[in-house]
Amino acid sequence: MAAIYAQNDAANEIWDSPAGQDLELIATSIEPSIDNNDSEILNLAGICSIREFAGIGTVPWGTRTLDPNESEQRYIAIARTLRWIDASIEAGMAFTASADNNATTWNQILSDAQAFIFDLYSRGAFPMNFRAAMIY
């Protein structure tokens, strides 16, 4: 699955869900085979399945985390994106450790953070169901 995530990140963006018909796994078969009923039971337990579909192949089906809460962070793409944004902003603000605490520094922080978030927005990082999770 780590390779599927890397493949998906390279083809799309980190906020794109790493599951579905576009991400075929190379496998000869899955045992036991998972049908819609099995998949629903697994989904309710927070377990994502790997499924075989005629004409499509073997694909990861679902991108939930094991977060038991009904929060948006129960989805892998959202949880990964939030962590990535946090780490990116932290890395981008490393200069502040040795900067003067003055208006110039604060204006630079605000400008850099706004530009970063606006760039992500422009690239489609914040679909409607993702925006609610950003307020935490």
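This section reports on the structure supplied with the text. (Residues numbered from 1 in each chain as written. Predicted model: local features only at pLDDT ≥ 70, side-chain atom pairs only at ≥ 80, totals over all residues. Heavy atoms only, no water.)

**Details of the pattern of salt bridges**
So, step 1. As enumerated under the stated definition, the model contains 3 salt bridges in all.
So, step 2. Note that Arg 80 is salt-bridged to Asp 9, the shortest N-O span being 2.6 Å. Remark: Asp 9 occurs in helix H1 (residues 2-11) and Arg 80 occurs in helix H3 (residues 76-92); sequence separation between them is 71 residues.
So, step 3. The residue Glu 13 makes a salt bridge to Arg 123 at a minimum N-O spacing of 2.9 Å. Remark: Arg 123 occurs in the loop between helix H4 (103-122) and helix H5 (128-131) and Glu 13 occurs in the loop between H1 and helix H2 (36-44); sequence separation between them is 110 residues.
So, step 4. Classification of Glu 13 by relative accessible area gives partly exposed; the value is 27%.
So, step 5. A relative accessible area of 39% means that Arg 123 is categorised as partly exposed.
So, step 6. Overlapping salt bridges bring together Glu 13, Asp 119 and Arg 123 as one network. (Salt bridge = Lys/Arg side-chain N within 4 Å of Asp/Glu carboxyl O. Helix = DSSP H or I, 4+ residues; strand = E, 2+ residues; numbered from the N terminus. Buried < 20%, exposed > 50% of the residue type's maximum accessible area, 1.4 Å probe, protein only.)

**Here we look at H3**
So, step 1. A rise of 1.5 Å per residue sets the reference length of H3, with its 17 residues, at 24 Å; its end C-alpha atoms lie 24 Å apart and thus fit the reference within 8%.
So, step 2. Where H3 is concerned, the buried positions are Ile 76, Ala 77, Ile 78, Ala 79, Thr 81, Leu 82 and Ile 85. (Expected span 1.5 Å × (residues − 1).)

**Side note on the pairing of strand E1 (residues 49-53)**
Successive residues of a regular strand alternate their side chains across the two faces of the sheet.
So, step 1. Across 5 bridges, the pairing between E1 and strand E2 (residues 57-61) is antiparallel. Bridging from a neighbouring strand, Ser 49 pairs with Trp 61 of E2.
So, step 2. Connecting the antiparallel pair E1 and E2 is a turn made up of 3 residues, with Gly 55 showing a positive phi of about 80°. (Pairing = 2+ DSSP bridges.)

**Things to note about the packing of H3 against H4**
So, step 1. Direction vectors running N to C along H3 and H4 enclose 145°, while the axes themselves pass 11 Å from each other. In this structure, H3 meets H4 at a crossing whose hand is right-handed. On H4, the residues touching Trp 84, Ile 85, Ser 88 and Ile 89 of H3 are Phe 116, Ile 117 and Leu 120.
So, step 2. The residue makeup of the contact of H3 with H4, split by class, is 6 nonpolar, 1 polar and no charged. (Axes fitted to C-alpha atoms, helices over the stretch in contact; angles between N-to-C directions. Left-handed = near helix turned anticlockwise from the far one by under 90°. Contact = heavy atoms within 4.5 Å. Nonpolar A, V, L, I, M, F, W, Y, C, P; charged D, E, K, R; others polar.)

**Some thoughts on the packing of aromatic side chains**
So, step 1. Under the counting rule described, the total for this entry stands at 4 aromatic pairs.
So, step 2. Between Trp 15 and Trp 84, the aromatic rings sit 6.5 Å apart at their centres with planes inclined by 55°, giving tilted as the arrangement. On the criterion of sequence distance, the pair formed by Trp 15 in the loop between H1 and H2 and Trp 84 in helix H3 is long-range, its members being 69 residues apart.
So, step 3. What makes Trp 84 partly exposed here is its relative accessible area of 30%.
So, step 4. The interplanar angle of 50° and the centroid separation of 4.7 Å between the aromatic rings of Phe 53 and Trp 61 together place this pair among those described as tilted.
So, step 5. The exposure class of Phe 53 is partly exposed, given its relative accessible area of 22%. (Phe/Tyr/Trp six-rings, centres within 6.5 Å; stacked < 30°, edge-to-face > 60°.)

**Things to note about the side chain of Ser 39**
So, step 1. Of note, Ser 39 is situated in helix H2.
So, step 2. Among residues more than four places away in sequence, those in contact with Ser 39 are Ile 34, Ser 49, Arg 51 and Trp 61.

**Brief notes about the environment of Ile 4**
So, step 1. The residue Ile 4 is located in helix H1 in this model.
So, step 2. Sequence separation between Ile 4 and Pro 18 is 14 residues; the distance between their C-alpha atoms is 6.9 Å.

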